[in-house]
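# Structural overview for review
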Amino acid sequence: MKNINILDKMNKVPGGLIIIPLIAAILINTFFPSLLQIGGPTTALFKSGSSAMMGIFLLICGSSINIRQAGLPLYKGTILLLLKFVAGALVVWMMGSMFGPMGFFGISTLAFVACITSSNSSLYIALCSNYGDASDAGAISVFCVKDGPFVTMVVLGVSGLANIPFAALLSMIIPLLIGMMWGNLDQKFKQLCAAAQPLVIIIMSFAIGANSSMNTVFTAGLSGILLGVISAATGILFYFLYNLFLKKKTALGAALGTTAASSALTPAMVAQADPTLQVFVDSATAQLATASIITMLTAPVLVAWFDKRLQAKGLRQVPADAALSATAAEKPE
C-alpha cells in the first residue's frame with residue numbers, strides 16, 4: 001500500500017495538528033452527531049477523552065522543561081514567562097472591570113486571557129535561528145511553562161473572574177511536575193514524550209471539536225480575526241518591554257505577539273475546573289484557532305522589521321549565531 005504521509009501533510013498546514021482534527025470533529029458532530037456516541041472505547045477516546053489527553057499533554061510539557069538550564073537562558077526564559085503572566089493579569093483586570101466575563105465584540109474574557117497568556121513556541125524557536133542566539137533558544141526551557149492551561153487558570157483564579165479551586169490547579173501541576181522530574185532524570189523518556197506529543201494533540205483536539213458545531217465556528221469567525229489582530233499588535237509592546245531587561249537587544253520580544261494553536265484547547269480545560277465558563281468554550285475555541293493562524297503570518301514579518309531596525313542602529317551584529325539545535329529541543333505546539 002502506498003504511503004500517503006498524512007502526518008507530513010497536516011504539518012504543512014499552520015497549526016494543522018490541532019486545526020485539522022478540530023474541524024473534522026466539528027463536521028462529524030454537526031452532520032453525524034450519533035456517530036461518536038456509540039459508547040465504549042470509541043466514545044471514550046474521541047468524544048469524552050479530552051481530560052485524559054490533557055493529563056498526558058501536561059506530562060509531555062513538563063518533560064521538556066530543563067531544570068539544568070542556567071545563566072542567560074534561564075534569565076531570558078524567566079523574563080518572557082513573567083511578561084506573559086503580567087500581560088494576562090492586566091487583561092483580566094481591564095476586561096473584568098469594564099466588561100465582565102462576557103468580554104466585548106463576542107470575545108469573552110476567557111478567550112482573551114487564553115490568547116494573551118499563550119504564544120507559539122515552535123515559531124519562536126524557528127525565529128531564533130535567524131534573529132537570536134543559543135541563549136534565546138535555551139530560554140524556551142523555562143518559557144514553555146506557559147504552554148497548556150496553567151498560566152490562564154492562575155490568572156483567572158487570582159483575579160476572581162473564575163472560580164478555580166486549589167485542587168484544580170494542583171491537578172494541573174502534578175502531571176507537569178512528574179513530567180519535569182522524569183524528563184530530567186531520563187533522556188529516553190524525554191525523547192518518548194517528544195515523539196508522542198503530536199498524537200496526543202491530535203486526539204485531544206478531536207475530542208474537543210466533537211463537542212462543538214459549525215454554527216459556533218461561523219459565529220466566531222469575525223471575532224476570531226479581531227482577536228488575532230489584537231494578539232499580533234501586542235508583539236510591538238512585548239518587543240519594547242523585553243528589551244528593557246536585556247543588555248544585548250533582540251527583536252524576539254515581538255515573537256510573543258502570537259497565539260499558540262494549542263491555546264484553542266485551553267478553554268475546555270479551564271471550564272472543567274469552573275463549569276460556569278462552559279458557555280464560552282465553543283466560541284473561544286474557534287476564536288483562538290483563528291487567531292493562531294493570523295499571528296503565525298504576522299509575527300515573522302514583525303520580528304524581521306524590528307531586527308532590521310536594530311541592525312540599522314548598530315544594536316545587533318550580523319550574522320546571528322545559528323548553532324541552536326542542541327540548546328533547546330524544538331517543542332511542537
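Residues numbered from 1 in each chain as written. Predicted model: local features only at pLDDT ≥ 70, side-chain atom pairs only at ≥ 80, totals over all residues. Heavy atoms only, no water.

## Considerations on helix H6 (residues 109-116)
Burial analysis of H6 places 8 of its 8 residues in the buried class, which makes it a mostly covered element. Every buried residue belonging to H6 is among Thr109, Leu110, Ala111, Phe112, Val113, Ala114, Cys115 and Ile116, and all of these are buried. In the core, the buried residues of H6 are packed alongside helix H5 (72-98), helix H10 (150-159), helix H14 (221-243), helix H15 (266-273) and helix H16 (278-312). (Buried < 20%, exposed > 50% of the residue type's maximum accessible area, 1.4 Å probe, protein only. Helix = DSSP H or I, 4+ residues; strand = E, 2+ residues; numbered from the N terminus. Contact = heavy atoms within 4.5 Å.)

## Focus on the confidence of the model for the protein
Atom-level detail of predicted coordinates should not be read off regions where pLDDT is low. When pLDDT is averaged along the protein, the result is 81, and 89% of the positions lie at 70 or above. Confidence, read as mean pLDDT per element, is least for helix H13 (residues 214-219) in the protein (67) and greatest for H14 (91). pLDDT under 50 marks residues 319-333. Its contacts with residues more than four places away, or in other chains, come to 43 contacts. (pLDDT = per-residue confidence, 0-100.)

## Quick word on the side chain of Lys47
Summarising the element assignment, Lys47 is placed in the loop between helix H3 (40-46) and helix H4 (50-63). The side chain of Lys47 is buried and forms no salt bridge, while Asp282, the nearest opposite charge, is found at 9.6 Å. Within the local environment of Lys47, its side chain forms a polar contact with the side chain of Asn29, the two groups lying 3.0 Å apart. At 2.6 Å, the side chain of Lys47 and the backbone oxygen of Ala210 are in polar contact. Once you skip the residues sitting within four places of it in the chain, Lys47 turns out to touch Asn29, Leu36, Gln37, Thr42, Ala207, Ala210 and Asn211. (Lys, Arg positive; Asp, Glu negative; His and termini not counted. Salt bridge = Lys/Arg side-chain N within 4 Å of Asp/Glu carboxyl O. Polar contact = N/O pair within 3.5 Å; in protein donor to acceptor, adjacent residues only side chain to side chain.)

## Here's the deal with the side chain of Ser108
Here Ser108 lies in the loop between H5 and H6. Setting aside chain neighbours within four positions, we find Ser108 in contact with Met95, Pro101, Met102, Gly103, Phe280, Ala284 and Gln287.

## Here's the deal with the pattern of salt bridges
One pass over the structure, following the stated rule, counts 1 salt bridge. Among the salt bridges present, the one from Asp136 reaches Lys76, with a minimum N-O distance of 2.9 Å. Here Asp136, found in helix H8 (residues 134-138), pairs with Lys76, found in helix H5; they are 60 residues apart in sequence, far enough to count as distant. Both residues of the pair, Asp136 and Lys76, count as buried.

## Regarding the packing of H6 against H10
Running from N to C, H6 and H10 cross one another at 130°; their axes reach a closest spacing of 9 Å. The angle between the axes of H6 and H10 places the two elements in the oblique class. Of the two possible hands of crossing, H6 and H10 adopt the one that is right-handed. From H6, Thr109, Leu110, Val113 and Ala114 reach across to H10, where they touch Thr152, Val155 and Leu156. Taken together, the residues of the contact of H6 with H10 sort by class into 5 nonpolar, 2 polar and no charged. (Axes fitted to C-alpha atoms, helices over the stretch in contact; angles between N-to-C directions. Parallel < 35°, antiparallel > 145°, perpendicular 65-115°, else oblique. Left-handed = near helix turned anticlockwise from the far one by under 90°. Nonpolar A, V, L, I, M, F, W, Y, C, P; charged D, E, K, R; others polar.)

## Details of unusual backbone geometry
You will see that Asn5, though not glycine, has its phi angle at about 50°, which is positive. As for its position among the elements, Asn5 is in the segment before helix H1 (6-11). Looking at Asn5, the relative accessible area reads 35%, which means it is partly exposed. With a phi close to 50°, Phe105 is a non-glycine residue in the positive phi region.

## Things to note about the environment of Pro175
Examined against the element boundaries, Pro175 turns out to sit in helix H11 (residues 166-185). Sequence separation of Pro175 and Leu59 is 116 residues, and the distance between their C-alpha atoms is 4.7 Å. Excluding residues within four positions of it along the chain, Pro175 makes contact with Gly55, Leu58 and Leu59.

## What about a nonpolar patch on the surface?
A cluster of nonpolar side chains, contributed by Phe166, Leu170, Ile174, Leu177, Ile178, Met181 and Trp182, occupies part of the molecular surface with about 690 Å² of accessible area. With respect to the helices, strands and loops of the structure, Leu177 is situated in helix H11. (Patch = residues over 30% accessible without salt bridge, like charges linked within 9 Å, V, L, I, M, F, W, Y side chains within 5 Å. Areas by Shrake-Rupley, 256 points an atom, 1.4 Å probe, with all protein chains shown as cover.)

## Notes on the nonpolar core
Counting residues in hydrophobic clusters, the biggest one holds 86 residues, and the most contacted among them are Phe112, Tyr124, Met204 and Val303. No other element matches the 12 residues that H16 contributes to this core. Excluding residues within four positions of it along the chain, Phe112 makes contact with Val91, Met95, Phe104, Ile107, Leu227 and Ile230. (Core = buried A, V, L, I, M, F, W, Y, C linked by side-chain atoms within 4.5 Å.)

## A closer look at the packing of aromatic side chains
Counting across every chain of the model gives 9 aromatic pairs. Taken together, Phe99, Phe104, Phe105 and Phe112 form an aromatic cluster joined through their ring pairs. (Phe/Tyr/Trp six-rings, centres within 6.5 Å; stacked < 30°, edge-to-face > 60°.)

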